[in-house]
Every structure is written in structure tokens, then in C-alpha cells.
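Next come the chains, spelled out residue by residue.
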Amino acid sequence: MARIEYQEQLEQLREDVLEMSDVVCQRLRRALEAYETTDAALANRVIAGDHEVNELYLDLEGDCIDLFALQQPVAGDLRFIASSFKIITDLERIADLAVNLAEYAKRGDRERYPDIDVVHIGTEIVLLVEDAMRAYATNDADATYGIAATDDEIDELCGRASRIVARDLVETDVVNDDLLEEVSRMLLTIRDLERVGDHAVNIAARTLYMVENDDELIY
């Protein structure tokens, strides 16, 4: 009976981590929507809702600690709990980056960089996070390599966007405080989206380690 209860606790942990990921991805999509529509009210709701993710994180952190301390897991179970703990940390940081994006959504000149499609890049990154969580949910080690490869493509998109901003700054005759502020905001937006992708790779890496005891993707 104790063993059955323990396995139920492990499955509940997985379900709770997946629930947290659903909340985080929803926050990220809403931040992108606020950015696209310049909806300050929606952006503010994303920012105000960050406490919910923080509470989920703390609850799950406590669950992981209890499983470590009370059940003394070994081998595969130990890797699962440790990986889940690392994954919720990545999810919490993605939620923080969604808050950043919501802040950027409330300010800025959308016409300045028509060749940079922030929403498209962001949507691709949300899909990457969702793919990483699907691999975690199904113990799909093979999928983790594809996630890492896709992130390389997203990094190239972000690099191209950053070069557009840099070239615009160099070629502009009049550089004033407003321009510098917009350049800074766009570069920060690109950087934060790229970081979300990095966290998706971290999730994939932990899943690969969890399933195969393989640390190849961990960096």
C-alpha cells in the first residue's frame, strides 16, 4: 500500500508540473497578445497574475523536498524528482520573462521595426516550450533533440532581429533619447524571448536526463 501511495505521489507531481506549465504558457501567450494589440489592460493582468505562478512554484518545491526527505527515492525516481524540480524553476523564470514582455507591450513604437515580427518569434517559442513539456509528460527522450535543434533556428531569428536594430541605429542620422530607449526596449524584448527558448531547451535536457540518464543536452 505504501508503494502504491508513493507512485501516486510521483504521478501527482508530474500532473502538477504540467498544470504549472499550462499556466505559464497561457501567461506568455497573453503577453504576446498584449504586445501585438498594445493592450495595456491585458499587459497589466499578465503582470498582476505573476503571483499565481510564484505560488505554484513554491507549492511544487515543497512537494519535491518532501519526496526527497520522506521517501528517499533512488535511481529513476530520484532523477524524475530532481528533473521536475529543475523544470519548475525554468517555468518560473519563463513566467518572469512573460512579465517583462508585458511591460514592453505597454510602451514602444510598433512602426519602428516593421521587419521584426516579435509575435511570430514569440509564438514559435511558446510552441517550443509546449513541445518540451509534452516530452516531459510522455517520457519522450527522442523529442528532446528536436527541441534543441529548433532552438538553434530560433536563435538565428533572434540574431537576425538584433542585427536589424543595430543596423538601424548605425544608419540613423539623428540619435536622441527616444530612439535609444526604443532600441534598448527592442533588444531586451529579443533577448528575453531568446531566453525563453533557452529555458525550453533546459526542460528538454532535464527530460532526457530523467528518461535516459543522459546529460548530453545539459549545459
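Please refer to the structure placed before this passage.
Residues numbered from 1 in each chain as written. Predicted model: local features only at pLDDT ≥ 70, side-chain atom pairs only at ≥ 80, totals over all residues. Heavy atoms only, no water.

## A few points about the overall build of the protein
At step 1: Helix and strand content of the protein: seven helices and zero strands.
At step 2: Each helix and strand of the protein, placed in order from N terminus to C terminus, yields the pattern α-α-α-α-α-α-α.
At step 3: When its C-alpha atoms are laid out on the principal axes, the protein stretches across 75 × 35 × 20 Å.
At step 4: Residue burial in the protein is summarised as follows: out of 219 residues, 44% are buried.
At step 5: Across the protein, every contact between residues at least 6 apart in sequence was considered, and the portion connecting residues at least 24 apart equals 83%.
At step 6: Summed over all atoms, the accessible surface of the protein reaches about 11,100 Å², with 48% contributed by carbon and sulfur.
At step 7: For the protein, the separation between the mean place of its 21 positive charges and that of its 50 negative charges on side chains is 3 Å. (Helix = DSSP H or I, 4+ residues; strand = E, 2+ residues; numbered from the N terminus. Buried < 20%, exposed > 50% of the residue type's maximum accessible area, 1.4 Å probe, protein only. Contact = heavy atoms within 4.5 Å. Areas by Shrake-Rupley, 256 points an atom, 1.4 Å probe, with all protein chains shown as cover. Lys, Arg positive; Asp, Glu negative; His and termini not counted. Charge placed at Lys NZ, Arg CZ, Asp CG, Glu CD.)

## Things to note about the packing of helix α5 (residues 118-138) against helix α6 (residues 141-171)
At step 1: Interaxial distance between α5 and α6 falls to 10 Å at its minimum, and their mutual angle equals 165°. If you check the angle between α5 and α6, you find them roughly antiparallel. The handedness of the crossing between α5 and α6 comes out as left-handed. Listed contacts from α6 to Ile121, Glu124, Ile125, Leu128, Asp131, Ala132 and Ala135 of α5 are Ala143, Thr144, Ile147, Thr150, Asp151, Ile154, Leu157 and Cys158.
At step 2: Across the contact of α5 with α6, the residue classes tally to ten nonpolar, two polar and three charged. (Axes fitted to C-alpha atoms, helices over the stretch in contact; angles between N-to-C directions. Parallel < 35°, antiparallel > 145°, perpendicular 65-115°, else oblique. Left-handed = near helix turned anticlockwise from the far one by under 90°. Nonpolar A, V, L, I, M, F, W, Y, C, P; charged D, E, K, R; others polar.)

## Thoughts on the state of the cysteines
At step 1: For the structure shown, the criterion picks out zero disulfides.
At step 2: Among the cysteines around Cys25, which has no disulfide bond, Cys158 carries the closest sulfur, lying 17 Å off.
At step 3: With no disulfide of its own, Cys64 lies 18 Å from the sulfur of Cys25, the closest cysteine sulfur.
At step 4: Look at Cys64 and you get buried, because its relative accessible area is 1%. (Disulfide = S-S within 2.5 Å.)

## Digging into helix α3 (residues 50-71)
At step 1: In this model, α3 (22 residues) spans 31 Å end to end at C-alpha, consistent with the 32 Å of a helix rising 1.5 Å per residue.
At step 2: Those residues of α3 that sit buried are Asp50, Val53, Leu56, Tyr57, Leu60, Cys64 and Leu67. Considered in projection along α3, the buried side chains sweep an arc of 120° and stay on one side of the axis. Turned more than 90 degrees away from the buried face of α3, the exposed residues are Leu58, Asp59, Ala69 and Leu70.
At step 3: At the C-terminal side of α3, Gln72 shows a positive phi close to 45°. (Expected span 1.5 Å × (residues − 1). Arc of directions from axis to C-beta.)

From the geometry alone we can't say anything about function, so treat these as descriptive.
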